[in-house]
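Notes for the structure review
Single-letter residue listing:
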Amino acid sequence: MTVEAKADAVNSRETFDKYSPVDGRKLGTYTITPPDGVDAAVARARKAAPKWRDLSLDERFSYLERLREIIRRDGERYAQIISEDTGKPLVDSLMTELMSIPLFIEYYEKEAPKALKRRRLMPQLLFPGKASYVEYFPKGVVGIISPWNFPFQLAVVPMISALIGGNTVVLKPSEVTPMTGELIDDVFEEAGFPPGVVEVIQGDGSTGAALTEADIDMIFFTGSVATGRKVMAAAAKKPIPVELELGGKDAMIVCEDANLERAARAAVWGGFINCGQMCISVERLFVVEPIYDEFVELVRREVKKLRVGAPDEGSDMGPLTFSGQMGIVARHVENARKEGATIAVGGEPMEGPGQFFEPTLVLDVTTDMEIYREETFGPVLPVIKVADAEEAIQKTNDHKFGLTGSVWTGDRQKGIELASRMESGQCSVNDLVVSVGNPALPFGGVKQSGFGRYHAHEGLYAFMHQKAIMAAPDLLDVEPFWFPYAAKYPTVLKTFKGLLGGSMVTALKGFYRMLRMTQTRAGTKGTEE
Ligand code: NDP
C-alpha cells in the first residue's frame, strides 16, 4: 500500500490485510478496533489503574520478571515472528528488538527503587525546621502509539517504563506490523498482568487518532513528524502531557585522524542496519577533504559486501518493511541524481518479489538536495565532503532534525568536545547507534526530532508526576509571612534589602522580627478585639 492509499483507507475499513515484505504473500487479516472499542480498552485500563498503582514496586516487578523470563525462553520464536512481520534479519530481531527488554527490566529493577523513592532535600536556611521532599506518582492511563520499524522494542520499552511507575497502558501498534502487535499482546497476557493493566488495540491511523481523543492521561508517541503534530494537537485540546519521539537525519562526522577502517565499517552498519529504516541511522555522512577519497573507497567496498535477502537466508539487510517507503527512497535517490549527486553503488529497487531496494551509496550530496534535507528512512547513505570538522559541525547543526550523531577521531577528548557541540539528544564518539541500547543513557530528540526523554531515570519520570512536599515542624504555631501586615512593611523592606545585599544575618534577623510581629499581632486594628 502506498502512503496515500494508507491515508485513504483510514476510517473506511473494518479489517486490514498484512502482506509479507519479503515476497508479497498475504500473512493475515486483522480487525481494526473501532472508536468505541478504543474507549472500552481505555475504560478497562482506567478501572485497573488504582489497584496497579497501589502495588509495591516489588509486586509490579514480579510481573516484569515473568515477562523477562518468557522473552528469554521464547525469544528465538519471537524473533522469527518479528522478522516475518518486518523482513529484518533474525540477528536484528534478536539483537535490536528483543535483547534490550531484559536489559531494561534489569536496569530498572536496580534503579527504580532509588529513582522513585521519596527524597528529602537539603534544609533551606530561610525555612528553618521545615522538611522538603520530592516524590512521584503515576500519570494514570498512558496511551502509547508505536511505529513499524522496531515494532517490538519501541512499544515494549515505553510500556515497561510506564508500568513500573504504576501506570496502566493502552498500546496502539502500527498497522504495518500487526503480527508483532499481536505478539506483544500475547506476551503480556502470558506474563499474567492483571486485566486492564495492558491493553493492545490493533488498527490503523484512525485507531491511533481515537486513542488520542479517548480518556487517557498522557500520550507517548513514536513516529513521523507529520503524525506527531496531529497527536500533539489532540493532546493540546485536553490538555494532557505528550512525549514525541520523531524522525532524524543523523550526522556522522569523520575527521582526518580517525581510524578509517573502523569508521567505514561503522558507517555502513549505521546506514544500512534495519534497511536504513531507523530514526538514528546515519543519513548524513560528513567526511573531511584530506581523507575523503580514501575513506569513500573503504565505504564503497563495505557496501558492496552487504548481503541482501530474506531473514532466514543469513542476510545483512532485508526488504523495506513498509511498501510506502519504496516510493520515498526511489524519489530521494532519483532527485539526488538529477540534482548532480553521484550514485556510487546501487540506486534501484531490486528485481523479483518483495520490497527490496539496493544498498545505495550517494556521493557529492549538497545541503540543498531533498536527500539531505528530508528523512529518507531507507538503505541509502549520502556522503557530504567538508573542508574540516568545523564545517561539518556547522552543517550538522543547521538542520531541522537533531536526534543522535557521531564523531570519529583519533583524539577522544577532541571527539567529546565536538560531540558536545552537536545539537542532538545523543552523540557518540568513535561509536554509533548502540548508545540507544544503554539503559542508563536518556534518549530523545531536539528540534523536529521531538522532545521529552526516556530510557535511564528520565524514562521513569516521563510517566510520573512530580510532587513537592514541604512539612512544617509539629510545634510551629505562626509564620513570619502571615497576617497582620500592619507595621510590618519597614521590617520586610529591610529584610528584602538584606537578602538582596547578600547579608544573611540581616535577613534572618528580619524574619525573626516579622515572626515576633505576627505572634504579638502588634499594631493590628482587626475587626475583632
Ligand atoms: P507514523 O507517524 O506514520 O505512524 C506512527 C504511529 O502513529 C503508527 O502506529 C500509526 O498507525 C499511528 N498513527 C497514524 N495516524 C495517526 C493519527 N492521526 N493519530 C494517532 N496515531 C496515528 O510513523 P511510522 O510508523 O511510519 O514510523 C516511521 C517514523 O517514525 C520515522 O519518521 C522515524 O524516524 C520515526 N521514528 C522515531 C523514533 C524515535 O525514537 N525518535 C524511533 C523510530 C521511528 P498506522 O501505522 O497503523 O497508520
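Residues numbered from 1 in each chain as written. Predicted model: local features only at pLDDT ≥ 70, side-chain atom pairs only at ≥ 80, totals over all residues. Heavy atoms only, no water.

**Regarding the packing of aromatic side chains**
- Within this structure, the stated rule accounts for 16 aromatic pairs.
- With a centroid separation of 4.8 Å and 65° between ring planes, the pair formed by phenylalanine 220 and tyrosine 454 is classed as edge-to-face. Here the residue phenylalanine 220 occupies a position in strand β8 (residues 218-222), and tyrosine 454 occupies one in the loop between β19 (450-451) and α16 (456-461), the gap between them amounting to 234 residues. Neither residue differs from the other here; phenylalanine 220 and tyrosine 454 are each classed as buried.
- When the ring of phenylalanine 443 is compared with that of tyrosine 454, the centres are 6.2 Å apart and the planes differ by 75°; the resulting orientation is edge-to-face. Taken together, the residues phenylalanine 443 in the loop between β17 (428-429) and β18 (446-447) and tyrosine 454 in the loop between β19 and α16 connect sequence positions 11 residues apart. (Phe/Tyr/Trp six-rings, centres within 6.5 Å; stacked < 30°, edge-to-face > 60°. Helix = DSSP H or I, 4+ residues; strand = E, 2+ residues; numbered from the N terminus. Buried < 20%, exposed > 50% of the residue type's maximum accessible area, 1.4 Å probe, protein only.)

**Considerations on the pairing of β8**
- β8 sits mainly inside the fold: 5 of its 5 residues count as buried.
- Because side chains alternate across β8, one face comprises the buried residues Met218, Phe220 and Thr222, and the other comprises Ile219 and Phe221, equally buried.
- Bridge count between strand β5 (residues 141-145) and β8: 4 bridges; the pairing is parallel. By the bridge assignment, valine 142 is partnered in β8 with methionine 218.
- As defined by bridge partners, β8 adjoins strand β9 (residues 242-245) across 4 bridges and the pair is classed as parallel. (Pairing = 2+ DSSP bridges.)

**Quick word on the pattern of salt bridges**
- Tallied over the full model, the rule gives 37 salt bridges.
- One salt bridge in this structure joins aspartate 54 and arginine 53, with 3.1 Å as the shortest N-O distance.
- Judged by its relative accessible area of 42%, arginine 53 is partly exposed.
- In this structure, aspartate 74 engages arginine 73 in a salt bridge whose closest nitrogen and oxygen atoms are separated by 2.8 Å.
- Residues joined by salt bridges that share partners form a network here, namely Arg68, Glu69, Arg72, Glu106 and Glu109. (Salt bridge = Lys/Arg side-chain N within 4 Å of Asp/Glu carboxyl O.)

**What to know about the environment of tyrosine 78**
- Note that tyrosine 78 resides in helix α3 (residues 57-86).
- Residues tyrosine 78 and leucine 94, 16 residues apart in the sequence, show an inter-C-alpha distance of 8.4 Å.
- Excluding its chain neighbours within four sequence positions, the residues that come into contact with tyrosine 78 are Ile70, Ile71, Leu98, Leu183, Val187 and Glu190. (Contact = heavy atoms within 4.5 Å.)

**Regarding the nonpolar core**
- Counting residues in each nonpolar core, the largest one holds 117 residues, and the members touching the most others are Leu67, Phe188, Phe193, Met252, Leu285 and Phe295.
- Here this core spans two domains, since at least three of its residues come from each of domain 1 (3-122 + 131-245 + 457-467) and domain 2 (250-437).
- Residue contacts for leucine 67: discarding those within four places in its chain leaves Ile101, Ile105, Ile160, Val187, Phe188, Ala191 and Phe193.
- Judged by nonpolar contacts, the second largest core, of 22 residues, contains Ala210, Phe221, Val242 and Leu244. (Core = buried A, V, L, I, M, F, W, Y, C linked by side-chain atoms within 4.5 Å. Domains from an automatic or database assignment.)

**Digging into the pairing of strand β2 (residues 26-31)**
- One ladder, built from 5 bridges, connects strand β1 (residues 15-19) with β2; its direction is antiparallel. Along β2, the bridge assignment pairs lysine 18 with glycine 28.

**As for the domain arrangement of the chain**
- When its domains are assigned, the chain resolves into domain 1 (3-122 + 131-245 + 457-467), domain 2 (250-437) and domain 3 (474-528).
- The straight-line distance from the C-alpha centre of domain 2 to that of domain 3 is 65 Å.

**Observations concerning the packing of α3 against helix α7 (residues 178-190)**
- Contact geometry of α3 with α7 gives a least axis separation of 10 Å together with a crossing angle of 165°. One element, α3, and the other, α7, form an angle in the roughly antiparallel class. The hand of the α3/α7 crossing is right-handed. Here α3 contributes Leu67, Ile70, Ile71, Arg73, Asp74, Tyr78, Ile81, Ile82, Glu84 and Asp85 to the contact with α7, which in turn contributes Pro178, Met179, Thr180, Leu183, Val187, Phe188 and Glu190.
- Considered class by class, the residues forming the contact of α3 with α7 number 11 nonpolar, 1 polar and 5 charged. (Axes fitted to C-alpha atoms, helices over the stretch in contact; angles between N-to-C directions. Parallel < 35°, antiparallel > 145°, perpendicular 65-115°, else oblique. Left-handed = near helix turned anticlockwise from the far one by under 90°. Nonpolar A, V, L, I, M, F, W, Y, C, P; charged D, E, K, R; others polar.)

**Quick notes on the site of the ligand**
- Taken together, 32 residues sit near the ligand, with Ser146, Ser224, Thr227, Leu246 and Glu375 positioned nearest.
- Glycine 223 places a polar main-chain atom, nitrogen or oxygen, 3.2 Å from an oxygen atom of the ligand.
- If the ligand stood free it would expose 900 Å²; the protein chains cover 92% of that surface.
- When residues of the shell around the ligand are traced back to their parent elements, those giving at least two are α8 (205-213), β8 and α9 (225-237).
- In terms of residue class, the shell around the ligand is made up of 13 nonpolar, 12 polar and 7 charged. (Near = heavy atom within 4 Å. Polar contact = N/O pair within 3.5 Å; in protein donor to acceptor, adjacent residues only side chain to side chain. Areas by Shrake-Rupley, 256 points an atom, 1.4 Å probe, with all protein chains shown as cover.)

**Section: the sheet that holds strand β6 (residues 168-172)**
- With mixed pairing, the 6 strands of this open sheet are ordered in space as β7-β6-β5-β8-β9-β19. The open sheet has two edge strands, β7 (198-200) and β19, and neither has a second partner.
- Two elements, β5 and β6, share 5 bridges in a ladder whose sense is parallel. Paired with isoleucine 144 across the bridge in β6 is leucine 171.
- Along the sheet, helix α2 (residues 35-54) makes contact with β5, β6 and β7, crossing β6 at roughly 150°.
- Where helix α6 (residues 153-164) meets the sheet, it contacts β5, β6, β7 and β8, and its direction lies at approximately 165° from that of β6.

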